[in-house]
Amino acid sequence: MPGPSIVWFRRDLRLHDNPAFQAAYKRNGAIIPVYIWDDVEERATGAASRWWLYHSLTSLQKDLQNFYNLSLTIYRGDALKILSQLTDVFCPQAIYWGRLYEPSTRRRDEKIKESLSEDCEDVRSFNSSLLFEPWMVLNNEGRPFQVFTPYWRKCLASGSIEKPTAAPPKENRKVVDSKKISVPAINLEDLKLRPKIPWDKNFYKFWNPGEAGAQKNWNTFLKDRKKNYSEGRDFPALASTSELSPHLHFGEISPRQLWWEMKPSSAVQNVFLKEVGWREFAHQLLYHFPQTSNEPLREEFKKFPWREDSKGLRAWQRGETGFPIVDAGMRQLWQTGWMHNRVRMIVASFLVKDLLIDWRKGAEWFMDTLVDADLANNTLGWQWAGGCGADAAPYFRVFNPMLQGEKFDPNEDYIRRWVPDMKLDPIVDHKKARERALQAFAKMKG
Ligand SMILES: Cc1cc2nc3c(=O)[nH]c(=O)nc-3n(C[C@H](O)[C@H](O)[C@H](O)COP(=O)(O)OP(=O)(O)OC[C@H]3O[C@@H](n4cnc5c(N)ncnc54)[C@H](O)[C@@H]3O)c2cc1C
């Protein structure tokens, strides 16, 4: 009797187009689906993302149970130790998971693969979250791209993307009591992912975490939003973007599905897929330049004279800067765990240029408060704003937050929505702050 297959779910919390789950399903034996909350996940998951993860795991648990009679077992502790114990007790014929690309997960996963392969013949990881894995698209010298346009051009020319697969047919699988190992399985509640203070109460109005919620957003996008995407995507008051970012981060929808249902041809399809392309670019950058989540890609920025300004940082975090578009963005973030891309660019620029505060402080706040917090995308966004990353906005080009507001929220609908009590009492004089930023840049240049 062949042993069961273990599927280690991580950030591929879906059943359709999930190659690890598909491969286990095809083996016809029992399946042990597990989720492990280890140090790596714990350190990497901010408060808003924990809220999302809780609901996403709840949804996956239900679907596995309803469609396949499988129960997702949850563990807390060292992933290698737990998977090794499962291997010792159940002698699995296969252990599968979807790949992740951050430095900490890569280090962990390489060790795990090597170690488990000693006792299990088929230990395999799959691509479940990208169109182009970071090593697939390199420049003519075999090095990673640092500029988006040629990178994306090469991606588009580099051949076909596999078609997404449907979820395997419903079927009751044999149940294995995977709880019988010495590390105790726990209930999802025991991970304490939801906050003690109910700051998440508004999140329920905006989000529906899980695979079904992801498909719903995608269908709404195709039906209602796609047609306005090219013109509307920069205007935060118009809901014209897909709002798929947290679903993509947790792997509740596959980028292959987006690709195939939007294959590049018309202008709007190209514009949308190009944004998905930025996500690909961000992942390949973090993969090839793993230090960049914490260090500027452009070396000269290591000596940039950032200011220490805890009062300014707090005002920014609370949406109390007196600059309407900045405060609206920061309050949207606080209330919904999400912020429109154009406004992310404005608030990030305000922090690093008007307040001259280190981009890492902004990145850290975003990692804690965004439901879509993603190390690769967030690093790219912040290094872009800070002028210190790949293909970044030059540091000396300073956004004027008032003009940005006038341009992208001309009727102030977005501002009024998030800051109905707006008082114009700016914490800095933008003109002076701009000069201060340019002087700091000149100082760094020496
Ligand atoms: C300072 C800063 C920090 C950011 N931090 C994050 C983050 O932590 N997590 C995150 O997912 N995105 C981040 N972004 C990128 C972007 O703002 C969001 O992905 C986007 O707003 C999500 O909205 P949407 O799903 O409606 O996007 P859509 O316009 O519908 O785009 C579809 C998908 O493409 C991807 N995408 C779109 N724009 C970008 C981009 N500029 N960079 C990378 N991927 C992109 C996202 O996965 C998105 O869901 C950041 C941007 C900035 C400027």
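Computed from a predicted model, the values in this text were never measured in an experiment.

Regarding the overall build of the protein chain
And step 1. Counting its secondary structure elements, the protein chain contains 19 helices and five strands.
And step 2. For the protein chain, whose C-alpha radius of gyration is 23 Å, the value lies close to the compact-globule estimate of 22 Å for 446 residues.
And step 3. Taken along the three principal axes of its C-alpha coordinates, the protein chain extends 75 × 50 × 45 Å.
And step 4. The 446 residues of the protein chain split such that 58% are buried.
And step 5. Sequence-distant contacts, at least 24 apart, represent 81% of the contacts inside the protein chain between residues at least 6 apart.
And step 6. Of the roughly 20200 Å² of accessible surface on the protein chain, 50% is carried by carbon and sulfur atoms.
And step 7. Mean positive and mean negative side-chain charge positions of the protein chain (65 and 56 charges, respectively) differ by 2 Å.

Details of the pattern of salt bridges
And step 1. Scanning all chains against the criterion turns up 25 salt bridges.
And step 2. Measuring nitrogen to oxygen at the nearest pair gives 2.8 Å for the salt bridge that ties Arg99 to Glu133. Placement of the pair is Arg99 in the loop between strand E4 (94-98) and helix H5 (103-117) and Glu133 in the loop between strand E5 (122-126) and helix H6 (148-157), with a sequence separation of 34 residues.
And step 3. Arg99 sits in the partly exposed class, given a relative accessible area of 22%.
And step 4. Judged by relative accessible area, Glu133 falls into the buried class, the value being 5%.
And step 5. The shortest N-O distance in the salt bridge between Glu275 and Arg233 comes to 3.2 Å. Of this pair, Glu275 sits in helix H11 (residues 267-288) while Arg233 sits in the loop between helix H8 (211-232) and helix H9 (245-249), and the two are 42 residues apart along the sequence.
And step 6. Under the relative-accessibility criterion, Arg233 is labelled buried at 17%.
And step 7. Taken together, the salt bridges that share partners define one network made up of Arg10, Asp38, Glu41, Arg108 and Asp109.

Let's talk about the domain arrangement of the protein chain
And step 1. You can read the domains of the protein chain as domain 1 (1-126), domain 2 (129-161 + 214-288) and domain 3 (294-445).
And step 2. In this structure, domain 2 and domain 3 have C-alpha centres spaced 24 Å apart.
And step 3. Taken together, the 22 residues of domain 2 in the interface contact 23 residues of domain 3.
And step 4. Between domain 2 and domain 3 lies a buried interface of about 1900 Å² when both sides are counted; carbon and sulfur atoms form 65% of it.
And step 5. Along the contact surface separating domain 2 from domain 3 lie one salt bridge.

Some points on the sheet that holds strand E3 (residues 73-76)
And step 1. Taken together, the five strands give an open sheet; going across it, the order is E3-E2-E1-E4-E5, and neighbouring strands pair in parallel fashion. Since the sheet does not close on itself, it has two edges, and those belong to E3 and E5, each with one partner. With strand direction ignored, the average angle separating the axes of adjacent strands in the sheet is 25°.
And step 2. Where strand E1 (residues 5-9) meets E4, four bridges bridge the pair, whose relative direction is parallel. Its bridge partner lying in E4, Trp8 is registered against Trp97.
And step 3. Where helix H3 (residues 47-68) meets the sheet, its contacts fall on E1, strand E2 (31-37) and E3, and the angle it forms with E2 comes to roughly 170°.
And step 4. Taken strand by strand, helix H4 (residues 79-90) contacts E1, E2, E3 and E4, and its axis lies near 160° from that of E2.

Criteria and thresholds
Residues numbered from 1 in each chain as written. Predicted model: local features only at pLDDT ≥ 70, side-chain atom pairs only at ≥ 80, totals over all residues. Heavy atoms only, no water. Helix = DSSP H or I, 4+ residues; strand = E, 2+ residues; numbered from the N terminus. Rg over C-alpha atoms; globule rule 2.2 N^0.38 Å. Buried < 20%, exposed > 50% of the residue type's maximum accessible area, 1.4 Å probe, protein only. Contact = heavy atoms within 4.5 Å. Areas by Shrake-Rupley, 256 points an atom, 1.4 Å probe, with all protein chains shown as cover. Lys, Arg positive; Asp, Glu negative; His and termini not counted. Charge placed at Lys NZ, Arg CZ, Asp CG, Glu CD. Salt bridge = Lys/Arg side-chain N within 4 Å of Asp/Glu carboxyl O. Domains from an automatic or database assignment. Buried area = accessible area lost by both parts, 1.4 Å probe. Pairing = 2+ DSSP bridges. Axes fitted to C-alpha atoms, helices over the stretch in contact; angles between N-to-C directions.

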